[in-house]
Amino acid sequence: MSTGVIIALIVVGVAVVVAAGLFAARTAPRGGRGLRRRFGPEYERAVARHDGDTKAAERELAERVRQHGSLRTHPLEPAARERYEARWADAQERFVESPQEAVAEADLVLADLARERGFPDGGQYEEQLAALSVHHGPHVHGYRRVHRAAHARTGRAEESRAGTEELRAAMVEARALFGDLLGPDHGPRRRPEDPAAHKRHGALKGRLAKGS
């Protein structure tokens, strides 16, 4: 092998190493401040889960970034966007008569929408949630609340009022993540409503807005 070829291979190898280092530097979280900025309220929740151990929380969050930081989302086709908007609107309307069923449907909508955008499948909830937290940190807790509520056992009759309030709050918080996943320049569009549906929608707005 000639000296020129050896030099060329060395140059190529150095270039590859430098490029890999630049990519790692660009995608890696920059310490606690970078993680706090990226995850928002999720950072504080991680610290709380680790009983105030900031270093342990940051190791957990840094690992999430390592695993899911390079994920690239898929755009939604207009027909798919309309389908998810319709499913979410139906879940909200159902809340008036059956809050538990509405929250269960909202949980499924978020799982399906996240999968279609390119996140891990909803059947792997913890992995999907971790990936979502990396890219939608400020709003991911809404999905967590809806999922927990959807899979919780119903309480006693005297607890129904408090339970309904918790379901309402979970739906309200999850709506922000739903909007994020639809896309920043495509907010939910209203569908034509008949008078009965409009009346249900008004009742729902009152219940969901109460106390917010």
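Values in this document were obtained by computation on a predicted structure and should not be read as measured data. (Residues numbered from 1 in each chain as written. Predicted model: local features only at pLDDT ≥ 70, side-chain atom pairs only at ≥ 80, totals over all residues. Heavy atoms only, no water.)

Caption draft 1: The arrangement of the packing of helix 7 (residues 125-135) against helix 8 (residues 140-151) in detail. The N-to-C vectors of helix 7 and helix 8 enclose an angle of 160 degrees; their axes lie 9 Å apart at closest approach. Between helix 7 and helix 8, the angle falls in the class roughly antiparallel. In this structure, helix 7 contributes Y125, Q128, L129, L132 and S133 to the contact, and helix 8 contributes V140, Y143, R144 and H147. (Axes fitted to C-alpha atoms, helices over the stretch in contact; angles between N-to-C directions. Helix = DSSP H or I, 4+ residues; strand = E, 2+ residues; numbered from the N terminus. Parallel < 35°, antiparallel > 145°, perpendicular 65-115°, else oblique. Contact = heavy atoms within 4.5 Å.)

Caption draft 2: Looking closely at unusual backbone geometry. Of note, the phi angle at D51 is positive, near 55 degrees, even though the residue is not glycine. The topology assignment puts D51 in the loop between helix 3 (41-49) and helix 4 (54-68). The exposure class of D51 is exposed, given its relative accessible area of 75%. (Buried < 20%, exposed > 50% of the residue type's maximum accessible area, 1.4 Å probe, protein only.)

Caption draft 3: Structural detail: the packing of helix 5 (residues 78-95) against helix 6 (residues 99-116). Interaxial distance between helix 5 and helix 6 falls to 7 Å at its minimum, and their mutual angle equals 165 degrees. Compared by their axis directions, helix 5 and helix 6 come out roughly antiparallel. Crossing geometry of helix 5 relative to helix 6 is assigned as left-handed. Of helix 6, the residues touching helix 5 (which contributes A80, R83, Y84, R87, W88, A91, R94 and F95) are P99, E101, A102, V103, E105, A106, L108, V109, L110, D112, L113 and E116. Residue composition of the contact of helix 5 with helix 6, grouped by class: 13 nonpolar, no polar and 7 charged. (Left-handed = near helix turned anticlockwise from the far one by under 90°. Nonpolar A, V, L, I, M, F, W, Y, C, P; charged D, E, K, R; others polar.)

Caption draft 4: Geometry of helix 6. Look at helix 6: 26 Å from first C-alpha to last across 18 residues, which is about the 26 Å you get at 1.5 Å a residue. Just downstream of helix 6 lies G118, where phi reads positive at about 110 degrees. (Expected span 1.5 Å × (residues − 1).)

Caption draft 5: Local environment of the environment of R115. Residue placement: R115 occurs in helix 6. Considering only alpha carbons, one finds R115 and H74, 41 residues apart in sequence, at a separation of 9.5 Å. In contact with R115, other than residues within four places in its own chain, are P120, D121 and Q128.

Caption draft 6: Examining helix 8 more closely. For helix 8, which comprises 12 residues, the first-to-last C-alpha distance of 17 Å matches the rise-based estimate of 16 Å (1.5 Å per residue) to within 8%. For helix 8, a buried count of 10 out of 12 residues is recorded, marking the element as mostly surrounded by other parts of the structure. For helix 8, the complete set of buried residues consists of V140, H141, G142, Y143, R144, R145, V146, H147, A149 and A150.

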